[in-house]
Amino acid sequence: MTVSSEIPETESWFHRNQQRIAPWVFLAPGILFFAVYVIAPVFQSFNLSLYEWDGLGEKTYVGFRNYEDLYWEYVDRDAFFVSLKNNVLWLFLYLLAIPAGLFIALFLNQTVAGIRIYKSLFFFPFVISQVVVGLVFSWFYDPNFGLLNTMLGWVGMGPINVLGNEALVTYGIVAAGLWPQTAYCMILYLTGLNAVDPEQIEAGRLDGAKGWKMLWHIILPQLRPATFIAFVVTIIGALRSFDLISIMTQGGPFGSSRVLAYYMFEVALSEYGFRMGYGAAIAVVLFLIMLCFITYFLWSMYREEKGH
């Protein structure tokens with residue numbers, strides 16, 4: 001009796017590595033768009049910052065002169081110094097959105113009557129445009145008919161022109177920005193609270209943990225991913241703040257509310273100069289500040305994960 005044995009056909013390289021290739025196939029369009037519209041412009045900005053260019057004529061290579069101009073403006077406390085100082089102020093005050101969003105999320109993460117209405121009200125600022133937020137707060141701060149001065153009048157205090165006062169204007173704009181940013185952090189924490197392990201909470205209760213101890217030792221460690229995203233997004237939002245300044249004050253009064261992003265717009269694209277290389281140098285400085293903060297948080301998260 002003859003036994004016929006079939007030799008199986010050798011599989012192709014694609015079939016052998018199909019499971020490893022499939023994720024990259026799905027990621028390829030996103031990686032391509034990210035490389036073209038994010039990574040490439042970053043390097044173009046670095047390159048452009050080494051030139052003097054008005055956007056139309058020939059570029060003139062000037063090396064690091066644009067950065068030297070930024071340095072001397074900083075030393076002389078000119079527009080760049082004010083913009084950088086305001087960005088630092090934005091950064092620290094904007095971080096208040098994270099604990100505020102956390103406590104609102106803890107309040108809304110309950111099963112009580114009408115909680116969906118409260119969630120909708122707190123969620124509302126996140127879905128409206130920044131332009132609308134700027135207009136609403138401009139009316140709120142108006143010294144003639146604004147609600148703020150109306151309420152101050154109830155307690156016998158005189159009208160305050162928040163957006164016209166050099167000492168108060170930045171704080172007023174930051175307060176406007178905190179309204180939707182707090183709503184965004186709240187959404188992140190509400191999502192994180194849905195993933196909290198109920199068994200750990202029950203175990204903590206059996207051990208006598210409640211209140212702040214429960215929050216600090218059991219809930220917050222499980223919210224690390226949400227906290228990391230909230231920090232990164234809030235820092236990026238604070239450092240690239242532009243639209244609220246443009247809508248509410250246009251950098252005024254007397255340039256006291258301008259930030260780096262708005263100053264970059266003024267020197268590169270507005271009637272003040274068309275200095276593209278100088279504007280690119282500001283963009284590079286802003287990018288490096290942002291990169292330092294994000295790298296620090298990534299490194300902190302990596303050390304914590306490695307420690308566990």
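1. Section: the overall build of the chain
Right, on to step 1. Scanning the chain from N- to C-terminus turns up 15 helices and two strands.
Right, on to step 2. Taking 2.2 N^0.38 as the reference for a compact globule, 308 residues should give roughly 19 Å; the C-alpha atoms of the chain span a radius of gyration of 26 Å, well beyond that estimate.
Right, on to step 3. Dimensions along the principal axes, computed over C-alpha positions, put the chain at roughly 105 × 65 × 35 Å.
Right, on to step 4. Counting over 308 residues, the chain shows a buried share of 37%.
Right, on to step 5. Here the chain displays about 19,700 Å² of accessible surface, and carbon together with sulfur accounts for 66% of that area.

2. A word on a nonpolar patch on the surface
Right, on to step 1. A contiguous nonpolar surface patch, about 1,100 Å² in accessible area, is contributed by Phe123, Phe124, Phe126, Val127, Val131, Val132, Leu135, Val136, Trp139, Phe145, Trp179 and Ile247.
Right, on to step 2. Of the residues forming the nonpolar patch, the biggest block, five residues, is contributed by helix H7 (residues 130-141).
Right, on to step 3. With respect to the element layout, Ile247 can be found in helix H13 (residues 243-248).

3. Some thoughts on the nonpolar core
Right, on to step 1. Judged by nonpolar contacts, the single largest core of 64 residues is most densely connected at Trp90, Ile173 and Met248.
Right, on to step 2. It is helix H9 (residues 169-194) that contributes the most residues to this core, eleven residues altogether.
Right, on to step 3. Not counting chain neighbours up to four residues away, the residues in contact with Met248 comprise Gly134, Phe137, Ser138, Tyr141, Leu163, Ile173 and Ala176.

4. So, the packing of aromatic side chains
Right, on to step 1. A full pass over the atoms with the stated rule returns 19 aromatic pairs.
Right, on to step 2. Relative to Tyr37, the ring of Phe33 lies with its centre 5.8 Å away and its plane at 15°, an arrangement referred to as stacked. In this pair, Phe33 and Tyr37 are both assigned in helix H2 (residues 18-48), four residues apart and thus about one turn of the helix distant.
Right, on to step 3. Under the relative-accessibility criterion, Tyr37 is labelled exposed at 59%.
Right, on to step 4. When the centroid spacing of 5.5 Å and the interplanar angle of 75° are considered together, the rings of Tyr51 and Tyr61 count as edge-to-face. Taken together, the positions of Tyr51 in strand S1 (residues 51-52) and Tyr61 in strand S2 (residues 60-61) put the pair ten residues apart, joining distant regions of the chain.
Right, on to step 5. With relative accessibility at 22%, the residue Tyr51 sits in the partly exposed group.
Right, on to step 6. Residue Tyr61 is classed as exposed on the basis of its relative accessible area of 54%.
Right, on to step 7. Every member of this aromatic cluster is reached through a ring pair, and the members are Phe137, Phe140, Tyr141 and Trp179.
Right, on to step 8. Here Lys59 stacks its cationic end above the ring of Tyr51, 5.9 Å away from the centre of that ring.

Thresholds, definitions, all that
- Residues numbered from 1 in each chain as written.
- Predicted model: local features only at pLDDT ≥ 70, side-chain atom pairs only at ≥ 80, totals over all residues.
- Heavy atoms only, no water.
- Helix = DSSP H or I, 4+ residues; strand = E, 2+ residues; numbered from the N terminus.
- Rg over C-alpha atoms; globule rule 2.2 N^0.38 Å.
- Buried < 20%, exposed > 50% of the residue type's maximum accessible area, 1.4 Å probe, protein only.
- Areas by Shrake-Rupley, 256 points an atom, 1.4 Å probe, with all protein chains shown as cover.
- Patch = residues over 30% accessible without salt bridge, like charges linked within 9 Å, V, L, I, M, F, W, Y side chains within 5 Å.
- Salt bridge = Lys/Arg side-chain N within 4 Å of Asp/Glu carboxyl O.
- Core = buried A, V, L, I, M, F, W, Y, C linked by side-chain atoms within 4.5 Å.
- Contact = heavy atoms within 4.5 Å.
- Phe/Tyr/Trp six-rings, centres within 6.5 Å; stacked < 30°, edge-to-face > 60°.
- Lys NZ or Arg CZ within 6 Å of the ring centre and 35° of its normal.

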